[in-house]
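# Overview (structure and organization)
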Amino acid sequence: MRMKQVYEDIGVGYLGSRSPDQRIARSIMLGLGDARTVVNVGAGTGNYELVDLRVVAVEPALEMLAQRPPNSHSVVRAVAEALPFRDDEFDAALAVLTVHHWSNLAVGLSEMRRVA
Ligand SMILES: C[S@@+](CC[C@H](N)C(=O)[O-])C[C@H]1O[C@@H](n2cnc3c(N)ncnc32)[C@H](O)[C@@H]1O
């Protein structure tokens, strides 16, 4: 994991300023289909995590982890490029507004395919 995550700085105040867009939320819900277990990579504060699914969030920035609401899904501090999960551990993998920050997009996407 990179030592300094950009969202340690630009993530300050994220929870108060970035709330889910319901049109995007609806598309995600449709895209997830009948998935029951989901890994949400680059999860940030937890936008777009469906409450009635088993979601494990992945987020590298401590600033973002600190802003996750107390009742949000469980979260692992990690990066997309090295997901700490078994092959096929999840039904689906989700990544919203995050891939442009990854150090290696191909590796991150390959990791998402591996675990879901
Ligand atoms: C714009 S925020 C999006 C957060 C959330 N998905 C949302 O839709 O509100 C981008 C997130 O990607 C995270 N991120 C940056 N590099 C990452 C990486 N290599 N692997 C996983 N997440 C990363 C940032 O720390 C930040 O929380």
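Scroll up to find the structure.
Bear in mind the structure is a predicted one, so any value in this text is a computation, not a measurement.

## Concerning the pattern of salt bridges
One pass over the full model with this rule turns up four salt bridges. Linking D21 and R23 is a salt bridge whose minimum nitrogen-to-oxygen distance equals 2.6 Å. Residue R114 pairs with E111 through a salt bridge whose shortest N-O separation is 2.7 Å. Remark: E111 and R114 occur in helix 5 (residues 105-115); sequence separation between them is three residues, near one turn of the helix.

## Description of the nonpolar core
Within the largest apolar cluster, twelve residues are counted, these being V39, V41, V56, V58, A78, A80, L83, F85, F90, W102, M112 and V115. Residue assignment for this core shows that the elements contributing at least two residues are strand 1 (37-41), strand 2 (54-58) and helix 5. The contacts of W102, once residues within four sequence positions are left out, are V41, A80, E81, A95, G108, L109 and M112.

## A look at a nonpolar patch on the surface
A contiguous nonpolar surface patch, about 220 Å² in accessible area, is contributed by V99, L105 and L109. Of note, V99 is situated in the loop between strand 4 (92-95) and helix 5.

## Some thoughts on helix 5
If you check which residues of helix 5 are buried, you get G108, E111, M112 and V115. On an axial view of helix 5, the arc spanned by its buried residues comes to 100°, and they lie on one face. In this structure, helix 5 carries A106 and R113 as exposed residues pointing more than 90 degrees from its buried face. Sitting at the head of helix 5, N104 places a side-chain oxygen 3.3 Å from the backbone nitrogen of A106.

## Things to note about the sheet that holds strand 4
Overall, parallel pairing links the four strands, which are arranged 3-2-1-4 in an open sheet. At either end of the open sheet lies a strand with only one pairing partner, and these are strand 3 (74-76) and strand 4. Between one strand axis and the next, the sheet turns by 25° as a mean value, whatever way the strands run. Pairing analysis gives three bridges linking strand 2 to strand 3, with the strands arranged parallel. Bridging from a neighbouring strand, V58 pairs with V76 of strand 3.

## Some words on the site of the ligand
Close to the ligand lie 20 residues; Y14, G42, E59, V96 and T98 are nearest. Contact between the ligand and V96: a nitrogen atom at 2.8 Å from a main-chain N or O atom of the residue. A per-class count over the shell around the ligand returns twelve nonpolar, six polar and two charged.

Cut-offs used in this document
Residues numbered from 1 in each chain as written. Predicted model: local features only at pLDDT ≥ 70, side-chain atom pairs only at ≥ 80, totals over all residues. Heavy atoms only, no water. Salt bridge = Lys/Arg side-chain N within 4 Å of Asp/Glu carboxyl O. Helix = DSSP H or I, 4+ residues; strand = E, 2+ residues; numbered from the N terminus. Core = buried A, V, L, I, M, F, W, Y, C linked by side-chain atoms within 4.5 Å. Buried < 20%, exposed > 50% of the residue type's maximum accessible area, 1.4 Å probe, protein only. Contact = heavy atoms within 4.5 Å. Patch = residues over 30% accessible without salt bridge, like charges linked within 9 Å, V, L, I, M, F, W, Y side chains within 5 Å. Areas by Shrake-Rupley, 256 points an atom, 1.4 Å probe, with all protein chains shown as cover. Arc of directions from axis to C-beta. Polar contact = N/O pair within 3.5 Å; in protein donor to acceptor, adjacent residues only side chain to side chain. Pairing = 2+ DSSP bridges. Axes fitted to C-alpha atoms, helices over the stretch in contact; angles between N-to-C directions. Near = heavy atom within 4 Å. Nonpolar A, V, L, I, M, F, W, Y, C, P; charged D, E, K, R; others polar.

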